[in-house]
Amino acid sequence: MVNLTIDDKQVTAPRTATIYEAAKQNGIKIPILCHDKKLKPFGACRMCLVEVEQMKGRQIPACTTPVTEGMIIRTSTPDIVKARKMVLELLLLNHPLDCPVCDKSGDCDLQNLTYEYKVNSNRFKDEKFNHSIDYNNPLIERDMNRCVLCGKCARICDEIVSYGALTFIDRGIETKIGCEFDDGLNCEFCGSCISVCPVGSLLARPFKHKARFWAMTKHTSVCGYCGTGCNLTLGVKDNKVLTTIYDEDQGFHKGQLCVRGRFGYQFINSAQRLTKPLVRKNGRLTESTWEEAFEVVVGRLKGGSAVAALATARLTNEELSLFKKLLVENVGTKNFDHAGGYAHTALTEGFARSFGASASPANILDIQKSDLLLVIKTDSYETHPVVGFEINMAVKNKGVKLAIVSDKRGKLSKLPDATTLVHLPGTEIAVLNAIAKILLDEKLVDASAVAGFAELEKALAGFDVESVAALTGLRAADIKQLATDYAAAEKALIIFPIGQAYPGHNADLASATANLAILTGKYGKEGCGVLCLSEKNNSQGAVDMGFYAQDGGLNGLAILDACADGSVKTLFVAGENPLTSYPDRSKVKAALEAVEFLIVSELFLTETAAMADVVLPVCSFAEKDGTFTSTDRRVQYFKAAIRKNVQIKSDFEIFSELIKRLGGQAPSSPSLQFSDIAAKTSGYAGLSHVSLRKDGAFASVEISPALVVPQAVTAVCAEQGKLALVTGSTLYHNGTLSQYGEGPMHVCPEGYIEVSRTDAAAYKIAENDLVTVSSTTGTIQLKAKVTPRMPAGVVFSPYHFSETPINTIWSGAPVTLVTLAK
Amino acid sequence: MSDAVAQKAEEQEPVIDLSIADTVIDKYINIPGNLMPVLQGVQDEYGYIPRVVADHIAERLNVYPSQIYGVLTFYSQFHLKPRGKFIIRVCVGTACHVQGATRIVDTFFDKLHIGHAETSPDLRYTFEKVACLGACGMAPLAMVNDSTYGAMTVQKVEEIVADYNQRPLK
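Each value, and the rule that gives it
- Residues numbered from 1 in each chain as written.
- Chains lettered and ligands numbered in written order.
- Predicted model: local features only at pLDDT ≥ 70, side-chain atom pairs only at ≥ 80, totals over all residues.
- Heavy atoms only, no water.
- Pairing = 2+ DSSP bridges.
- Helix = DSSP H or I, 4+ residues; strand = E, 2+ residues; numbered from the N terminus.
- Buried < 20%, exposed > 50% of the residue type's maximum accessible area, 1.4 Å probe, protein only.
- Domains from an automatic or database assignment.
- Core = buried A, V, L, I, M, F, W, Y, C linked by side-chain atoms within 4.5 Å.
- Contact = heavy atoms within 4.5 Å.
- Buried area = accessible area lost by both parts, 1.4 Å probe.

(A) The arrangement of the pairing of strand β30 (residues 770-774) of chain A in detail. Residue and element names in this part refer to chain A. Here five bridges tie β30 to strand β31 (residues 779-787), and the two strands are oriented antiparallel to one another. Bridged to valine 771 within β31 is leucine 782. Both β30 and strand β33 (residues 816-821) contribute to a ladder of three bridges, which runs antiparallel. By the bridge assignment, valine 773 is partnered in β33 with leucine 820.

This is how it looks when you write it as structure tokens:
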């Protein structure tokens, strides 16, 4: 710490602080335009000029100058105020001053500073800018006439997002922010540039002219897409969610959001939302009353084990635990599950066996504290973009090493000094086993005391690096290097995504990763462990609530089989859309047609809901209270941001009512239900809605390590004339819900198939060509994307789309052999 | 894709042999700070930096395409459009100006039918006015590629143009 004087106040600040930071920490405000606490100091705008006595009263920028012992600083002398005023005059010189029609008005740093410094005239005269406005994409509008060249957009796009869409182009007076060859913006549309823009140069187009900033109420919430657990501030007016608002102090991610979080909110106020219960009469779904719907549903739920349920992991912890209570205590069935019954096995079986807990023994904050990140599949960036930002920052700012074991390259592979081991699809477990074997053979570790060591050592005999190299298409030297690096790193973290499109990321993969962490002792401490990135906003919560098949209950896929063979007669689907998201569409369809009675609670009339006998309209996350548990087990409380339509009910209200009608006792509010959860769930003890109000809390994870032999089933991924299809998530979508978000659908409206350049040349496929993809289960037409990231012989397709459902050709295997035809 | 982007794509040069760029890139690939020498080397080969080459460099060097464009537009010595085989530079610095450089410039405009920083459609000439060529004793001064022509007159402009019109383009 150093001692210094700012505006006659004696203060102390860390040695690494800049004058701006020292002042801020001590409650002294210095105006800024180009500075952002998340970005490296830049010193472009000169608004933060201060006088330092030791520098003979020279005016120096506070945001780039480090503090030194005994510094005497003045932040607002008449000279400084004069200088800042002139800076503003110069910035306003070419600015169009179109505040009345600018959406930034009211939240604009330039406007606020102009007001604060009373710049009511300008001594200079010049022409206004005359740049054309970029309307090239549907999400981000770029009006460079309003730009003050602070460079924050270009810097955040480089330093945090690592996309680099924007940069300074041209020189001198001509300088502006632009894209390559001055094209329109065409990027991944995370909107980080919008969030940091201090003026109205970068604006969200879906929000254009929707509301004045000050007319909206701001509600904090938790994002309802992936499991990262990002916090949101929703801008609400007239009971409508109109936009997401940036708050740089919000959440571990400091307000950073991805395209889904920032632009995917439109489903909340979509006109397509269901508003009334629907009951099938004479073969048609007709609008009905809740009384009638409840009566029909209650009658069907008295079926004991002939009743089964599938719930989405987007429901709150309170809803999932109450649903489980309804099913177990009042209906009397063990047949319930989520995410197909297989997408959560990495946690419920893999980690449960290896770490003795169905949760990741690491959290997202460990990423930046680690020394080496081992990422399985580059898809981690696409499934969890904000986790991807953390990886970007770790690698670029902290010098963390990054190794990727993946079936394709990706954005993460482009990070500085990242090594990517591109293996044949479906062979990642073999690679991990080979690494484990090297650790043992080279005596890099001593873990003989850990339970299961002898069995593992024996089982690894077949995984010598040479044969694994031959099997996976990797070089033995690369695998060896990775093993040595992993063993040598003081702290290392393994990251892999799970989800319904990643059937290969199962219990065995989880155990294979866990073995590495356990063998080297890299778990249970800062920057170490294994982080499994779960797919939905409350996937970890669904596991914690025990909403999956246990004690002989049928799992997700088995439930559908039982529907088909008639042993399950009533199926209650709460928010899932198995017809699109479960493997083997024709099988799912047959099962849903076969089941006697189908109840669906949904926001929208999805294709699954359209097959139902009763459809119950429910609330989105913005219309209810509850908690979500993020992938790293951060339990976060959120309140309703808007009032729900009086005609719809939350899942919580539905389950409560059904419990009552079946003669049981239901808690009257989600917070009471949460007290019950806190009492019963391991790691949740002591938590309550009140204690979670600010920032949430991590539910603790107790680890008891054991080495488990993972089954390395190697998929066949080569056959003459066929290509290996791997499924997954695309950056712009999450599950099937994002199909109802206008933002994600604007930039990625349909499914596609990603083809390597080699294969594209061989099959004479050009970008956007319609390609017929066939497997043994079916045929589908998809648009082609030709990318350099795919290895030859491997194709990729995302699974989210009802219009182009990939499950027509995919029956749940990690790798599917397909043929392509134009 | 917007119309502007589509139009730009159409303007793309038809066939660019990327292997020429690859030869240059291979030479510098493992050297830190290799972007400038690669861009200079590539420009020497193609005469300018075609967009496909810029994109190719971005991919091979793992640099953002936008960053490359930023560099290309910052330095006036990089060219994004094809340049003429003969680059005519006429000095309009103080000494040359006093000696009547304006008339020399105007005569070139008349004879070549192109203005400042423009290239003739047949890619024979690019014409540039420059601030000083550093040989004021020879004012007014003109250069064609590396050949220097001192004490320029209108008559000499006509002779130079006639001379270079005769030279083969290939």
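(B) Looking closely at helix α5 (residues 65-74) of chain B. In terms of burial, α5 of chain B is a largely internal element, seven of the ten residues being buried. Along α5 of chain B, the residues that are buried comprise Ser66, Ile68, Tyr69, Gly70, Val71, Leu72 and Thr73 of chain B.

(C) Structural detail: the domain arrangement of chain B. Under the domain assignment, chain B is made up of domain 1 (14-74) and domain 2 (86-166). Look at where the C-alpha atoms of domain 1 of chain B and domain 2 of chain B centre, and you get two points 31 Å apart.

(D) Quick peek at the nonpolar core. Residue and element names in this part refer to chain A. Ranked by internal contacts, the top residues of the largest apolar core, which has 152 residues, are Phe323, Ile367, Ile391, Leu402 and Phe572. With seven residues, helix α11 (residues 385-397) is the single largest residue contributor to this core. In terms of nonpolar packing, the next biggest core, distinct from the first, is built from 55 residues, Phe351, Ile438, Ile498 and Val543 among them.

(E) Focus on the domain arrangement of chain A. All names here are of chain A. When its domains are assigned, chain A resolves into domain 1 (2-76), domain 2 (128-268), domain 3 (278-342 + 540-698), domain 4 (345-533) and domain 5 (723-821). A straight line from the C-alpha centre of domain 2 to that of domain 5 covers 29 Å. Contact with domain 2, which involves 14 residues of that partner, is made by 14 residues of domain 5. Buried area between domain 2 and domain 5, summed over both chains or domains, comes out near 1200 Å², and the portion from carbon and sulfur atoms is 71%. Broken down residue by residue, the surface that domain 2 buries against domain 5 is led by Tyr225, Arg260 and Phe267, which jointly contribute 40%.

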